[in-house]
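# Residue-level structural notes
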Amino acid sequence: MSAVLPVLSTRLSAAATAAFGTSYDPELRSATKPEFGHFQSNLALRIGNALGKPPREIAAQLVAALDIDDLCRPPEIAGPGFINLTLLPQTLAKAVNEPETFGSNGQRVVVDYSQPNVAKQMHVGHLRSTVIGDALCNVLRFVGYDVVRQNHVGDWGTQYGMMIEQLLDEGITAESLDLEGLQRLYERSRKHFDADGTFADRSRLRVVALQSGDPETRAIWRHMVDVSLDDFDKVYALLGSALTRQDVYGESAYNDDLPHVVDDLLKQGLLVESEGAMCAFLPGYLGRDGEPLPVIVRKSDGGFGYSATDLAAVRHRVNTLHADRIVYVVDHRQALHFDMIVTLARTAHWLDVPAEHVSFGTVLGPNGKPFKTREGGTIKLVELLTGAVDRADALLAGREGINREATARAVGIGAVKYADLSSDRGNDYVFDLDRMVAMTGNTGPYLQYAHARLTRLLAKAGQDATEVTELEDPAEQRLALLLTGFAATVEQVAETLQPHRLCTYLYDVASALSVFYEQCPVLSSEGETRASRIALCTATRKVLQDGLGLLGIEAPDAM
Ligand code: ARG
């Protein structure tokens, strides 16, 4: 598929230059209704406004200057002066047949995502970050970025001092604990810390030992990290995430740079002491009480916190990873944090490339409140995902000729991912398995089924055809036109970092496909028509497969 829109845009803007002397962006868009043809432009209205002339008159002049007969039917002027363009069937066919080309833009993008915390179960917030992050990495790579994944695992901080001290107190070994055990150890140590001042003091000393590299302390910590990473890997495997151990660059990795972060900010006069802590105050950032809001770079106890780590991470990504663009896939509650980190890093001249917070809403339970267990605890991600796979498995009962286990996994996980990706990421959504696995509506299984049905049809066809040669039926044309928009859609997702646009697009393709099935017999048609329709089906299948692939969703051949 190649895009036709850019070619038409060039022609239309050439016409504007010829007729009016200045260059205009024609802002050509897909037509909002079939009766408006394929594309429409409001260029005449804008020029008319600027020149104080009736837009329909301008439109007539533009159309007269427009050299487009080789690609389109004669242009139409509609309403107040819209120019409507309808592609010739052969233009459309050619666009579908031509291979898509994507350059490499040579830029490196660093994507910070997933970011679970050591000694804690992954929860639905991490699901969102992982699913959105994976999809964005795929899309960015597809349009030519060199993608560097960074799993900013939470593996550092005062809680490890507490946990290690508790473990030593209880005389248990780190080896005896799995992730569950670690989580309970954390809970016990928290209680102990709050109740016992000497334990709290010992815990603080233990943090110092950890940060300065005391071997015994580090060994216990290392074990806690490893146990947790093993568990995260299991979730990534079930989820089919692209993340590996190589992508883990946790908070601890920045430990050595933290003092330099402080020194450098001090030198630049950007830090002040406030109640014993070293803080940066940025103009315009005020708390709810109207008081200036600090970025706390070093806490009053001398420890470094979350902000210091993120500042060091910016430096690492710019200086060592050579990022041309940085993307943080983190929930919306951290918006202010990233806003301040980015502003401070720019003020300190550490950051001169785009840095975007890809923020997302909350996953809600059936009651419309943030998704928790009945006791208010976090729901284990693995349990949610296994539940989805079981549900998909039940759905597939009785189907023949499929690998039930692999298909159930693809469908269940695909359903969860698609539900997460398909609405604007800023919105909250309810985790509703019944809706997610439904075979109708804008769901993952619906798209997977469209793909599987096409695969079966093509297998039955007993004929390979790759050239679309005729597009007579409006249903064929509509489908073909949509297919030519694939690249533009992916480019748009790479730019806006909004995966739901790709979902909407794929859903439109699947919907146009089902209208096509109704209107245009494929296997029972003959000769040229049959071959051309098979080619259109082949192209559609590829778009569905590639599109789902970009979303991180498997497309089984049968289901
Ligand atoms: N680990 C954090 C959490 O679970 C998210 C980390 C986000 N990334 C970052 N660079 N701060 O909330």
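Located above this text is the structure these notes cover.
So, here's what we can say about the structure. Every value quoted in this text rests on a predicted model; they were computed, and no experiment measured them. (Residues numbered from 1 in each chain as written. Predicted model: local features only at pLDDT ≥ 70, side-chain atom pairs only at ≥ 80, totals over all residues. Heavy atoms only, no water.)

We now examine the site of the ligand. Around the ligand sit Asp112, Gln115, Asn117, His126, His152, Tyr306, Asp310, Val330, Gln334 and Phe338, and those are all the residues in its vicinity. In this structure, Gln334 approaches the ligand through a side-chain N or O atom, which is 3.2 Å from an oxygen atom. With the chains in place, 89% of the 350 Å² that the ligand exposes on its own is no longer accessible. Split into classes, the residues belonging to the shell around the ligand amount to three nonpolar, five polar and two charged. (Near = heavy atom within 4 Å. Polar contact = N/O pair within 3.5 Å; in protein donor to acceptor, adjacent residues only side chain to side chain. Areas by Shrake-Rupley, 256 points an atom, 1.4 Å probe, with all protein chains shown as cover. Nonpolar A, V, L, I, M, F, W, Y, C, P; charged D, E, K, R; others polar.)

We now examine the environment of Pro55. Its place among the elements puts Pro55 in helix α3 (residues 55-65). A residue is classified by how much of its surface remains accessible, and Pro55, at 25% relative accessible area, is partly exposed. As for Pro55 and Asn42, which are separated by 13 residues in sequence, their C-alpha atoms are 9.2 Å apart. Excluding residues that lie within four positions of it along the chain, Pro55 makes contacts with Ala44, Leu45, Pro80 and Gly81. (Helix = DSSP H or I, 4+ residues; strand = E, 2+ residues; numbered from the N terminus. Buried < 20%, exposed > 50% of the residue type's maximum accessible area, 1.4 Å probe, protein only. Contact = heavy atoms within 4.5 Å.)

With parallel pairing, four strands are arranged side by side in an open sheet as β6-β5-β10-β11. Edge positions in the sheet fall to β6 (146-150) and β11 (355-360), since each has one partner strand and no second. Mean inter-strand twist for the sheet, computed between neighbouring axes without regard to direction, equals 20°. When strand β5 (residues 108-112) meets strand β10 (residues 325-331), the two strands line up parallel, connected through four bridges. For Val110, the partnering residue across the bridge sits in β10 and is Ile326. (Pairing = 2+ DSSP bridges. Axes fitted to C-alpha atoms, helices over the stretch in contact; angles between N-to-C directions.)

Moving on, we get to the pairing of β11. Alignment of β10 against β11, held across six bridges, turns out to be parallel. Bridge assignment links Ile326 to a residue of β11, and that residue is Ala355. A crossover links β10 with its parallel partner β11, the connecting element being helix α12 (residues 335-347), and its sense is right-handed. (Right-handed = clockwise from strand over helix to strand, strands pointing away.)

Considering the arrangement of structural elements, one finds Asn97 in helix α4 (residues 89-97). Relative accessible area serves as the criterion here: at 21%, Asn97 is assigned to the partly exposed category. Distance in space between the C-alpha atoms of Asn97 and Leu179 is 52 Å, their sequence separation being 82 residues. Contact partners of Asn97, with chain neighbours within four places excluded, come to Thr466, Glu467 and Val468.

The next point concerns the sheet that holds strand β2 (residues 39-41). The strand order β1-β2-β4-β3 describes an open sheet built from four strands, whose pairing is antiparallel. If you trace the sheet from one side to the other, it starts and ends with β1 (29-30) and β3 (76-78), each paired once. Pairing between β3 and strand β4 (residues 82-85): three bridges, direction antiparallel. Residue pairing for β4: Glu76 is matched across the bridge by Asn84.

What follows deals with the packing of aromatic side chains. With the rule as written, the count across this model stands at eight aromatic pairs. Centroid distance Tyr446 to Tyr507: 5.7 Å. Interplanar angle 65°. Geometry classified as edge-to-face. On the criterion of sequence distance, the pair formed by Tyr446 in helix α16 (residues 444-461) and Tyr507 in helix α19 (residues 500-519) is long-range, its members being 61 residues apart. Judged by relative accessible area, Tyr446 falls into the buried class, the value being 18%. The positively charged end of Arg218 is found above the aromatic ring belonging to Trp221, 6.0 Å away from the centroid. Taking NZ or CZ as reference, Arg315 lies 4.6 Å from the ring centre of Trp350, over its face. (Phe/Tyr/Trp six-rings, centres within 6.5 Å; stacked < 30°, edge-to-face > 60°. Lys NZ or Arg CZ within 6 Å of the ring centre and 35° of its normal.)

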